[in-house]
Amino acid sequence: MSQLLESESDAGSMSTNIDSPPTGSRNTMQDELEQYAKKLDFLDLDGGSEHQSELEALGSSASIEASNGDIKTGNVPSHKAPMTTSAILTHLTPAGNAAIEKVKEKELKKPTKLHIKFLAIGSVPQVSPQVAQISSSQPFSVLITFLKRKLRLRTVYCYVNNSFSPAPQQSVGDLWEHFKVNNELIINYCNGVAFG
Amino acid sequence: MSEIRDLTWFGSLNLTISIDPELLLASSNVPQGSSAKLTSVSIRVPRESYLVLYLPYIVGRFEPQLRNNVVDYYNGWWFEMEGVPISWNYPIGALFDSLTGLNPAIRSTQFCDNSLNVWNLTLRHGTHLPSSVIPLRAGSEQIREMWMHQWKQACFVMNGSSKLIMSFSKSDTLAFWDAIVRRDLGKFNLIRQRIVPEASSMKSLPLRLHLSLPDIRLVEPVCNTYDNGKETLLSDVLGQEFPEWFNISSVSASLAKAVAQGIDIPVEAPVLALYLQLASFDGFLHVSLCLEGQRES
């Protein structure tokens, strides 16, 4: 951090926007307004959510209850790209457009259900049932939220295979593919730091 | 090869951080003596670092003009690009590459000798964080721990367990982080090479794919180092994960580009070679997928 190069600008130069790419002429004002409206809706939803504790925020769209080991979740939260970045969508090649549609369709397909095994570390109660099912597209944070609600704990520390805590945005499906043991993703949990 | 690793480590980005005007004092209340209101701060940061590590500095610069006293230089603050909140737990360079979706070839023709490439961000503050931002309750210590867990995960992928890192002494662990904060590449490499195994015994590769379109997403595919005795190519992985965009049989027919460390990387290269040269300071090779538009082709 010692190499920090700095300069400052005052109010006058705020409007200099060197980085903005030329705006496509095909991007009509109406398109832009619509995108803005969508973005506002999205932000509003987030702001209105209940008070979140650590990491829980990332799985905020998931309302969780476990009946017979099936972790019920809401939609996977989706995050839109910045406007100047998504501007490229207006001038893709026909093949590019078709590809984007295919990717979107793929996301809508029903994700597969995976098995998760919860193992308590130390004095924390064991959650029941021990093996639960969750859809592969959910972020890891949903599991943390699930344990917190189920065990009525304020904080839960979760580890994969007694080793590491993954980034909360990571999909459960990716983790399962990488680290499953006998087709189960093993989550060890604790109410304090177990592996620093 | 070490030359490329040096370039990767010293890569930097210019940022201009504007402050959310809501957070500022009304102009009549600006302390006497300060002539103009400071509404943005420009800094150059390493691509291989976390944005939030610079929060105390950035918030400190704005502090005299803020409406409320600063209680915590980390908690409650976050960055946005055009209203889109930025998840801080990825390297700054990977965030820039994926969020701007810039094609490096076009970028270099757009920015010539006497212009600077600047990433414009907004600093915001509030009690409710956007859902994609991890709350920072324990400041820099939390950043260090999160980073260490990323390394443990990468270590697990490469070696089949995290034991190598878990057996580090406390002083090794702290020295490793210290190398990031003080930008000491030599010290960093010394510890890194204890985690990254010999190429021949590397099980899988820690690879992360960042997408911005159709929405912001992270994909971490399983990428075995070798497939039937042959090194896995990036095009193998991309063709399997995103057959819509990457054509395995003909690279020129691909509709997207793979970008790592700000450069357009050849998809026909083995992932192992790319990992060894371009992997980030968190143990992962971050690849951003950038769509190609009509004008560019």
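The structure displayed is predicted, hence computed values, not measured ones.

Another aspect to go through is the domain arrangement of chain B. Residues and elements named next belong to chain B. Looking at the assigned domains, one finds that chain B contains domain 1 (11-133), domain 2 (140-200) and domain 3 (203-291). Summarising the inter-unit geometry, the C-alpha centres of domain 2 and domain 3 are found 23 Å apart. Taken residue by residue, the interface counts eleven residues in domain 2 and nine residues in domain 3. Of all the elements, helix α5 (residues 139-159) adds the most residues to the side of domain 2 that touches domain 3, at eight residues.

Attention now goes to the environment of Val59(B). All names here are of chain B. Tracing the sequence through the fold places Val59 in helix α2 (residues 55-62). Judged by the 22 C-beta atoms lying within 10 Å of it, Val59 is buried. Sequence separation between Val59 and Tyr74 is 15 residues, and the spatial gap between their C-alpha atoms is 8.8 Å. Contact partners of Val59, with chain neighbours within four places excluded, come to Val70, Tyr73 and Trp77.

A separate point is helix α10 (residues 271-278) of chain B. Residues and elements named next belong to chain B. All of the buried residues along α10 are Val271, Leu274, Tyr275 and Leu278. Seen along its axis, α10 keeps its buried residues to an arc of 100°; they face one direction. Contact partners of the buried residues in α10: α1 (2-10), β6 (207-211), α9 (234-241), β10 (256-260) and β12 (285-291).

Looking now at the confidence of the model for chain B. This prediction gives chain B a mean pLDDT of 89; 89% of its residues lie at or above 70. Overall fold confidence for the complex sits at a pTM of 0.83, while the interface term, ipTM, reaches 0.89.

What follows deals with the nonpolar core. Across soluble globular proteins, nonpolar side chains show a tendency to be buried alongside one another. Among the nonpolar cores identified, the biggest contains 103 residues, and Leu143(A), Cys158(A), Val52(B), Leu207(B), Val271(B), Leu285(B) and Leu289(B) are the most heavily contacted of them. Here this core gets nine residues from one element, more than from any other, and that element is α5(B). Setting aside chain neighbours within four positions, we find Leu285(B) in contact with Leu205(B), Pro206(B), Leu207(B), Ala260(B), Leu274(B), Tyr275(B), Leu278(B) and Ala279(B).

With that out of the way, let us pick up the packing of helix α7 (residues 170-181) of chain B against helix α8 (residues 185-195) of chain B. All names here are of chain B. It is the contact of α7 with α8, at a shortest axis distance of 8 Å, that shows an interaxial angle of 135°. Our classification of the angle between α7 and α8 gives oblique. Every pair of crossing elements has a handedness; the one defined by α7 and α8 is left-handed. Along its contact with α7, which presents Asp172, Ala175, Phe176, Ala179 and Ile180, the element α8 presents Lys187, Phe188 and Ile191. When its residues are assigned to classes, the contact of α7 with α8 shows six nonpolar, no polar and two charged.

On to the pairing of strand β6 (residues 157-160) of chain A, then. Residues and elements named next belong to chain A. Burial of β6 is two-sided: the residues Tyr157 and Tyr159 facing one way and the residues Cys158 and Val160 facing the other way are all buried. When β6 meets strand β7 (residues 184-190), the two strands line up antiparallel, connected through four bridges. Of the residues in β7, the one forming a bridge with Val160 is Ile187.

Further remarks concern the confidence of the model for chain A. Residues and elements named next belong to chain A. Confidence in the prediction of chain A, expressed as mean pLDDT, is 72, and 64% of residues score 70 or more. With pLDDT under 50 throughout, residues 1-27 is counted as low confidence; its partners more than four residues away or in other chains account for 46 contacts. Ignoring residues within four places in sequence, the model shows residues 39-63, a span with pLDDT below 50, making 46 contacts including any to other chains.

Residue and element names in this part refer to chain B. Position of Leu136 relative to the elements: it lies in the loop between β5 (118-125) and α5. Since 24 C-beta atoms lie within 10 Å of it, Leu136 is described here as buried. Counting along the chain gives 141 residues from Leu136 to Gln277, while the straight-line C-alpha distance between them is 31 Å. Setting aside residues no more than four positions away along its own chain, Leu136 makes contact with Val52, Tyr74, Asn75 and Gln142.

Our focus in this paragraph is the UniProt feature "domain: Autophagy protein ATG5 alpha-helical bundle region" (unreviewed entry) in chain B. Under the present numbering, the feature "domain: Autophagy protein ATG5 alpha-helical bundle region" (unreviewed entry) in UniProt falls on residues 141-197 of chain B. Here residues 141-197 of chain B runs as 81% helix and 0% strand, with 28 Å between its end C-alpha atoms.

Right, let's talk about the sheet that holds β6(B) for a bit. Residues and elements named next belong to chain B. The strand order across the open sheet formed by five strands is β7-β6-β12-β10-β11, and the pairing between neighbours is mixed. Each edge of the open sheet carries a strand with a single partner, namely β7 (217-219) and β11 (263-264). As paired elements, β10 and β12 share four bridges and run antiparallel to each other. Paired with Lys257 across the strands is Cys290, a residue of β12.

Our focus in this paragraph is unusual backbone geometry. In the segment running from Ser128(A) into Pro129(A), the intervening peptide bond is cis, with an omega of -5°. In this fold, Pro129(A) is placed in the loop between β4 (113-120) and β5 (131-135). Cis geometry marks the peptide bond from Leu213(B) to Pro214(B), where omega comes out at 0°. Tracing the chain through its elements places Pro214(B) in the loop between β6 and β7. The phi dihedral of Arg152(A) is positive, around 50°, even though this residue is not glycine. Examined against the element boundaries, Arg152(A) turns out to sit in the loop between α4 (141-151) and β6. Owing to 7 C-beta atoms within 10 Å, Arg152(A) belongs among the exposed residues under this scheme. If you check the backbone angles, Arg183(B) has positive phi at about 55° while not being a glycine.

What counts, and where the lines are drawn
Note that residues are indexed from 1 along each chain, following the sequence as it is written. The lettering of chains begins at A and the numbering of ligands begins at 1, in the order of writing. Where local features are concerned, this predicted model is filtered to residues with pLDDT of at least 70; where side-chain atom pairs are given and counted, the filter is 80 or more; whole-chain, interface and lining totals use all residues. Residue ranges labeled as domains rest on an automatic or database domain assignment. The contact criterion used here is simple: two residues whose C-beta atoms, placed from the backbone, lie within 7 Å are in contact. Helix numbers and strand numbers start at the N terminus; a helix is a DSSP run of H or I with at least 4 residues, a strand a run of E with at least 2. Working definition of burial: number of other C-beta atoms within 10 Å of the residue's own, with buried at 20 or more, exposed at 12 or fewer, and partly exposed in between, all C-beta atoms being placed from the backbone. Relevant arc is that of directions from the helix axis to the C-beta atoms, nothing else. As a per-residue measure, pLDDT reflects the predictor's confidence and takes values from 0 up to 100. What we call a nonpolar core is a set of buried Ala, Val, Leu, Ile, Met, Phe, Trp, Tyr and Cys residues whose membership is set by joining through C-beta atoms within 7 Å. Simply put, an axis is a line fit to the C-alpha atoms, just over the touching stretch for a helix, and the angle between two N-to-C directions goes from 0 to 180 degrees. For this classification, under 35 degrees means roughly parallel, over 145 means roughly antiparallel, 65 to 115 means roughly perpendicular, and everything else is oblique. Handedness of each helix crossing follows the sense of rotation of the near helix against the far helix: counterclockwise by less than a right angle gives left-handed, clockwise gives right-handed. Residues are grouped as follows: Ala, Val, Leu, Ile, Met, Phe, Trp, Tyr, Cys and Pro are nonpolar; Asp, Glu, Lys and Arg are charged; all remaining types, including Gly, are polar. Here, strands pair whenever DSSP counts at least two bridges between them. UniProt positions are given in the numbering used here, feature names are shortened, and annotations may be inferred rather than shown by experiment.

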